[in-house]
Amino acid sequence: MTFTGSIPCEDCLRVDVVLNIRPDGIYQLRKTYVSEKGASPVQSQMGKWLHEPKENLLILGKEVGLLKTYIIEGQDRLRFVGWQGTENESQIQYELTSSSPPEVFDDVVKIRGLFGVENGVATLEECSSQVRFPVSKRGDYPSAIQNYMNTPHDINRSILISILGKLVPGAPEEIVIEQFRNCLLYT
């Protein structure tokens with residue numbers, strides 16, 4: 001499900017927000033900073049979402065102190081209520097409404113996950129959601145494979161890596177590594 005809206009901005013005309021809530025527990029968030037000068041910087045992220053049914057809240061993130069919370073108001077509206085760690089008075093209140101059809105989200109985002117290879121097929125289990133995706137052989141895949149092979153670890157075990165990548169729709173959906181960043185540790 002996709003939700004869209006705009007929020008005010010001090011240094012630009014507005015910030016356009018697109019939030020995809022995927023059934024696999026992953027959210028995708030894009031903020032486009034719209035200015036009169038034409039160039040519109042974009043910030044994108046991916047992470048885990050969860051529903052708190054008692055208070056009908058949608059919570060983005062998994063790290064205490066960095067959670068972003070929305071109240072679910074019907075099937076078609078989310079109202080932002082707070083971002084942990086900041087004063088409520090200083091936070092801009094805004095609403096997002098459902099958008100049809102859902103937006104395809106192929107933005108490049110920071111991803112950390114367990115990268116492994118079994119029977120010649122590479123997979124990456126995204127850390128926050130624990131969803132496993134096949135890894136495309138396009139992009140910076142060779143760097144990931146080279147680092148995987150050069151990192152001491154038990155055979156058929158995954159290693160924790162950091163990448164800039166994107167989810168590419170298809171059957172199956174897969175991750176394309178745009179830039180391999182580093183191996184963080186092995187498991």
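Overview of the structure. All figures in this text were calculated on a predicted structure; none of them were measured in a lab. (Residues numbered from 1 in each chain as written. Predicted model: local features only at pLDDT ≥ 70, side-chain atom pairs only at ≥ 80, totals over all residues. Heavy atoms only, no water.)

**Examining the nonpolar core**
This is how the line gets drawn: Throughout, nonpolar core names a set of buried Ala, Val, Leu, Ile, Met, Phe, Trp, Tyr and Cys residues whose side chains join them through atoms within 4.5 Å. Exposed residues in this analysis have more than 50% of their type's maximum accessible area, buried residues have under 20%, and partly exposed residues fall in between, with area computed by a 1.4 Å probe over protein chains only. Any pair of residues with heavy atoms lying within 4.5 Å of one another is described as a contacting pair.
Counting 21 residues, the largest nonpolar core has Phe115, Leu124 and Ile163 as the members making the most contacts within it. Among residues more than four places away in sequence, those in contact with Leu124 are Ile111, Gly113, Leu114, Phe115, Val131, Arg132, Phe133, Val135, Ile161, Ile163 and Ile175. One finds Ile7, Leu19, Leu29 and Leu60 within the second-largest nonpolar core, a separate group that totals 17 residues.

**Some points on the pattern of salt bridges**
Test applied: Basic side-chain nitrogens of Lys or Arg form a salt bridge, by our definition, when they fall within 4 Å of a carboxyl oxygen of Asp or Glu.
Summed over all chains, the structure comprises 10 salt bridges. Of the charged contacts in the structure, one is a salt bridge between Asp16 and Arg14, with a shortest N-O distance of 2.8 Å. Here Asp16 falls in the partly exposed class, since its relative accessible area comes to 23%. Between Arg30 and Asp107 there is a salt bridge, and its shortest N-O distance comes to 2.6 Å.

**Quick look at the pairing of strand 12 (residues 159-168)**
Residues in a regular strand project their side chains so that they alternate between the two faces of the sheet. The following threshold applies: Segments assigned H or I by DSSP are reported as helices when at least four residues long, segments assigned E as strands when at least two residues long, and all are numbered from the N terminus. Only strands joined by at least two bridges in the DSSP assignment are considered to pair.
Extensive coverage of strand 12 is indicated by the burial of 8 of its 10 residues. Two strands pair when backbone bridges link them, and strand 9 (residues 109-118) and strand 12 are joined in this way by 7 bridges, in the antiparallel orientation. Considered in strand 12, the bridge of Lys110 is made with Leu164.

**A closer look at the state of the cysteines**
Let me state the cut-off plainly: The disulfide criterion is simple: two cysteine sulfur atoms within 2.5 Å.
As enumerated under the stated definition, the model contains 1 disulfide in all. Between the sulfur of Cys9 and that of Cys12 lies a disulfide, 2.2 Å long from S to S. Negative torsions about the S-S bond denote left-handed disulfides, and the value of about 120° found for Cys9 with Cys12 makes this one right-handed. Relative accessible area serves as the criterion here: at 22%, Cys9 is assigned to the partly exposed category. Note on Cys12: relative accessible area 16%, which makes it buried. Cysteine Cys127 shares no disulfide, and the gap to the nearest cysteine sulfur, in Cys183, comes to 13 Å. We classify Cys183 as partly exposed; its relative accessible area is 26%.

**Quick look at the pairing of strand 2 (residues 14-21)**
With 6 of 8 residues buried, strand 2 lies mostly within the body of the structure. Here strand 1 (residues 2-7) pairs with strand 2 via 6 bridges, running antiparallel. If you follow Phe3 over to strand 2, its bridge partner there is Leu19. From the end of strand 1 to the start of strand 2, which pair antiparallel, there are 6 residues. Hairpin connection from strand 2 to strand 3 (residues 26-34): 4 residues lie between these consecutive antiparallel strands, with Gly25 at a positive phi of about 90°.

**Details of the packing of aromatic side chains**
Rules: Any two rings among Phe, Tyr and Trp, with Trp reduced to its six-membered ring, count as a pair given centres within 6.5 Å; such a pair is stacked if its planes are under 30 degrees apart, edge-to-face if over 60, and tilted if neither.
Throughout the structure, instances matching the rule amount to 4 aromatic pairs. Judged by centre distance (6.0 Å) and plane angle (80°), the rings of Tyr70 and Tyr94 are edge-to-face. Taken as a pair, Tyr70 in strand 6 (residues 68-72) and Tyr94 in the loop between strand 7 (77-83) and strand 8 (95-99) lie far apart in primary sequence, 24 residues in all. Comparing Tyr70 with Tyr94, the two get one shared label, buried. Residues Phe115 and Tyr148 carry aromatic rings whose centres are separated by 5.6 Å and whose planes lie at 75° to one another, so their mutual orientation is edge-to-face. Here Tyr148 lies in helix 1 (residues 141-150) and Phe115 lies in strand 9, a separation of 33 residues in the sequence. Taken individually, Phe115 and Tyr148 each receive the classification buried, so the pair is uniform in this respect. An aromatic cluster is defined as three or more aromatic residues linked by ring pairs; in this entry it consists of Tyr70, Phe80 and Tyr94.

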